[in-house]
Amino acid sequence: MRTALAVVFIWFFLGGIAHFIFVEAQMRIVPPYIPWPRAVVLASGGLEILGAVALLWLPTRKMAAWGLFALTLAVTPANIFMLQEAALFPTVPYWLLVLRFPLQAGLLLLIVWIARNKRQH
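Predicted model, so just to flag it, every value in this text is computed and none were measured. (Residues numbered from 1 in each chain as written. Predicted model: local features only at pLDDT ≥ 70, side-chain atom pairs only at ≥ 80, totals over all residues. Heavy atoms only, no water.)

Enquirer: Now, about unusual backbone geometry: what can you tell me, with residues and values included?
Expert: Phi is positive for tryptophan 36, close to 55 degrees, though the residue is something other than glycine. Mapped onto the fold, tryptophan 36 is located in the loop between helix H2 (23–28) and helix H3 (37–55). (Helix = DSSP H or I, 4+ residues; strand = E, 2+ residues; numbered from the N terminus.)

Listed below in structure tokens is the structure:
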């Protein structure tokens with residue numbers, strides 16, 4: 001349980017910080033049909049950090065896990081956009097764009113395991 005928590009916490013905490021440090025780069029992966037890319041990047045980064053921190057406190061852990069699950073699904077269009085428009089992201093190897101989907105599935109499974117785990121530490 002602790003390892004799963006650590007992995008998910010680090011993933012979202014560092015990912016959320018990256019949204020604030022690399023705003024312009026993060027905005028490039030927002031699909032063009034989504035309005036206000038800067039606001040979307042900053043909001044999703046803030047939610048990632050908030051969710052990661054909330055995982056650490058037992059009373060908010062389950063709610064945080066389900067929130068991070070929903071957030072992970074909500075950012076899937078960015079992953080799809082990057083894969084479909086790989087030429088716009090020449091510094092990211094194509095195989096890495098493809099690998100994001102099984103990694104995301106694994107992350108979602110970890111989040112569900114945390115949310116449903118009866119033995120919270």
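Enquirer: Can you lay out the nonpolar core for me, pointing to particular residues and giving the numbers?
Expert: Core analysis: the biggest nonpolar cluster contains 17 residues, and Val8, Phe12, Leu55, Ala65, Leu68, Ile111 and Ile114 have the highest contact counts within it. Where this core is concerned, the elements lending two or more residues are helix H1 (2–21), H3, helix H4 (58–74) and helix H6 (94–116). Take this core: its biggest share by element is 5 residues, from H1. Core analysis: the second largest hydrophobic core is formed by 6 residues, Ile29, Phe81, Met82 and Phe89 among them. (Core = buried A, V, L, I, M, F, W, Y, C linked by side-chain atoms within 4.5 Å. Buried < 20%, exposed > 50% of the residue type's maximum accessible area, 1.4 Å probe, protein only.)

Enquirer: Quick rundown of the pattern of salt bridges? Include the residues and the values.
Expert: According to the stated counting rule, one finds 1 salt bridge in the structure shown. Its salt-bridge partner being glutamate 24, residue arginine 38 comes within 2.5 Å of it at the nearest N-O pair. Remark: glutamate 24 occurs in helix H2 and arginine 38 occurs in helix H3; sequence separation between them is 14 residues. (Salt bridge = Lys/Arg side-chain N within 4 Å of Asp/Glu carboxyl O.)

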